[in-house]
Amino acid sequence: MSEKNEKSVDLSDFMDELEKKAREKMQPGDYTGADSLVYCGKCHTPKQMRVTTGFLAGRIIPCLCHCEKEKRDREDAEEKVREKEKRVAELKGRGFLSRSMREWTFENDNGQNPQMQLARRYVQEWEKMKEKNIGLLIWGDVGCGKTYLAAAIANALMEDEIPVRMTNFNAIMNDLSGSFEGRNEYLDRLSGCPLLIIDDFGMERETDYGLELIYSVIDGRYRSRKPMIVTTNLTLTELRGATDTAHRRIYDRVLEMCVPVFCKGESRRRKTAEEKFRELKSILEEGDK
């Protein structure tokens, strides 16, 4: 027997075995139609099909009935959701300093910050913001919601699987303290991520080394032409009025890269403290009854 005929026999045996196993797997309610194909007893669509062309013409092969296809599609969709949730969780694990920031989202906002709509628009127009290298300088009094605003942007972008790094210069200095090993790689990651958020800008330790490091990070973003969001308690007057060279070259870069956004929301910390006080008072009053 020629090799070609042997392969033909092997394939024929395989197809016979395939058809046999398909019939052995018939579920209660399944039935054989007038066309000799197995049909699903639930959706009444075929679980087999007859090949009409090619060297397998006339042979019967398995296929998915309508309800099996729906089940497969549903399982595939659920698996994609699980995979995305895992990727987003990994992004947020790397992107935030604090786990609690994962809950600082647009959905959990208390509606007191009038700039939250602008933050939503920033996310919606992210591709344009990235293309045009437009960042935000979110400034205002202590406790007015600047950090929450920035974190909400970060969460929304990471939900779309866009890497964001939200940190502050004290954390950066701590990461790099005591050793220069891996320093360039660390700074390259800060320069290269799609969006870098620097929280509490101006509150860091201002040593000569610290100021030089701050400039390196800011200048790295400037040269990479990638957007940056900065939150600060400093006023625009303070940022624009720096007289010493070290601060002026840092602030000038920030003001060139980031559009100022004044945050004047109600103090979240004060409101939280008031809520806790009311809760404590309620508990104590209940205990006196």
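Residues numbered from 1 in each chain as written. Predicted model: local features only at pLDDT ≥ 70, side-chain atom pairs only at ≥ 80, totals over all residues. Heavy atoms only, no water.

**Topic: helix 7 (residues 183–192)**
Step number 1: Those residues of helix 7 lying buried are Arg183, Tyr186, Leu187, Leu190 and Ser191. For helix 7, the angular spread of buried residues about the axis comes to 135°, placing them on one side. Helix 7 presents Asn184, Asp188 and Arg189 as exposed residues on the side facing more than 90 degrees away from its buried surface.
Step number 2: Elements that come into contact with the buried residues of helix 7 comprise strand 6 (164–167), helix 6 (169–176), strand 7 (195–201) and helix 8 (208–224). (Buried < 20%, exposed > 50% of the residue type's maximum accessible area, 1.4 Å probe, protein only. Helix = DSSP H or I, 4+ residues; strand = E, 2+ residues; numbered from the N terminus. Arc of directions from axis to C-beta. Contact = heavy atoms within 4.5 Å.)

**Quick word on the packing of helix 3 (residues 116–124) against helix 5 (residues 146–159)**
Step number 1: At their nearest, the axes of helix 3 and helix 5 sit 10 Å apart, and the two run at 30° to each other. By the angle between their directions, the pair helix 3 and helix 5 is classed as roughly parallel. The handedness of the crossing between helix 3 and helix 5 comes out as right-handed. Within the contact between the two elements, helix 3 uses Met116, Ala119, Tyr122 and Val123 and helix 5 uses Tyr148, Leu149, Ala152, Ile153, Ala156 and Leu157. (Axes fitted to C-alpha atoms, helices over the stretch in contact; angles between N-to-C directions. Parallel < 35°, antiparallel > 145°, perpendicular 65-115°, else oblique. Left-handed = near helix turned anticlockwise from the far one by under 90°.)

**Here we look at the packing of helix 6 against helix 8**
Step number 1: Relative orientation of the contacting elements helix 6 and helix 8 amounts to 105°, with a least axis distance of 11 Å. Classed by the angle they form, the pair helix 6 and helix 8 counts as roughly perpendicular. The residues of helix 8 that touch helix 6, namely those facing Phe169, Ile172, Met173 and Leu176, are Tyr209, Gly210, Leu213, Ile214, Val217 and Ile218.
Step number 2: Of the residues that constitute the contact of helix 6 with helix 8, the class distribution is 9 nonpolar, 1 polar and no charged. (Nonpolar A, V, L, I, M, F, W, Y, C, P; charged D, E, K, R; others polar.)

**Points about the confidence of the model for the protein**
Step number 1: For the protein, per-residue confidence averages 87 on the pLDDT scale, and residues scoring 70 or more make up 82% of the total.
Step number 2: Averaged over each element, pLDDT in the protein is lowest for helix 11 (residues 268–288) (57) and highest for strand 6 (98). (pLDDT = per-residue confidence, 0-100.)

**Considerations on the packing of aromatic side chains**
Step number 1: For the coordinates displayed, the defined rule picks out 6 aromatic pairs.
Step number 2: Look at tryptophan 104 and tyrosine 148: their rings are 5.9 Å apart centre to centre, the planes differ by 20°, and that puts the pair in the stacked class. A residue pair is termed long-range when its members are at least 10 positions apart, and tryptophan 104 in the loop between helix 2 (66–95) and helix 3 and tyrosine 148 in helix 5 qualify at 44 residues.
Step number 3: Judged by relative accessible area, tyrosine 148 falls into the buried class, the value being 8%.
Step number 4: Among the aromatic residues, those joined into a ring-pair cluster are Phe169, Phe201 and Tyr251.
Step number 5: When the ring centre of tyrosine 215 is taken as origin, the NZ or CZ atom of arginine 249, which lies over that ring, is 3.8 Å away. (Phe/Tyr/Trp six-rings, centres within 6.5 Å; stacked < 30°, edge-to-face > 60°. Lys NZ or Arg CZ within 6 Å of the ring centre and 35° of its normal.)

**So, the pattern of salt bridges**
Step number 1: Scanning the entire structure with this criterion turns up 12 salt bridges.
Step number 2: Put simply, aspartate 73 and lysine 69 hold a salt bridge, and the shortest N to O gap is 3.0 Å. Taken together, the positions of aspartate 73 and lysine 69, both in helix 2 and 4 residues apart, correspond to about one turn of that helix.
Step number 3: You can call lysine 69 partly exposed: its relative accessible area is 45%.
Step number 4: In this structure, glutamate 125 engages arginine 121 in a salt bridge whose closest nitrogen and oxygen atoms are separated by 3.3 Å.
Step number 5: Given the relative accessible area of 23%, glutamate 125 is considered partly exposed. (Salt bridge = Lys/Arg side-chain N within 4 Å of Asp/Glu carboxyl O.)

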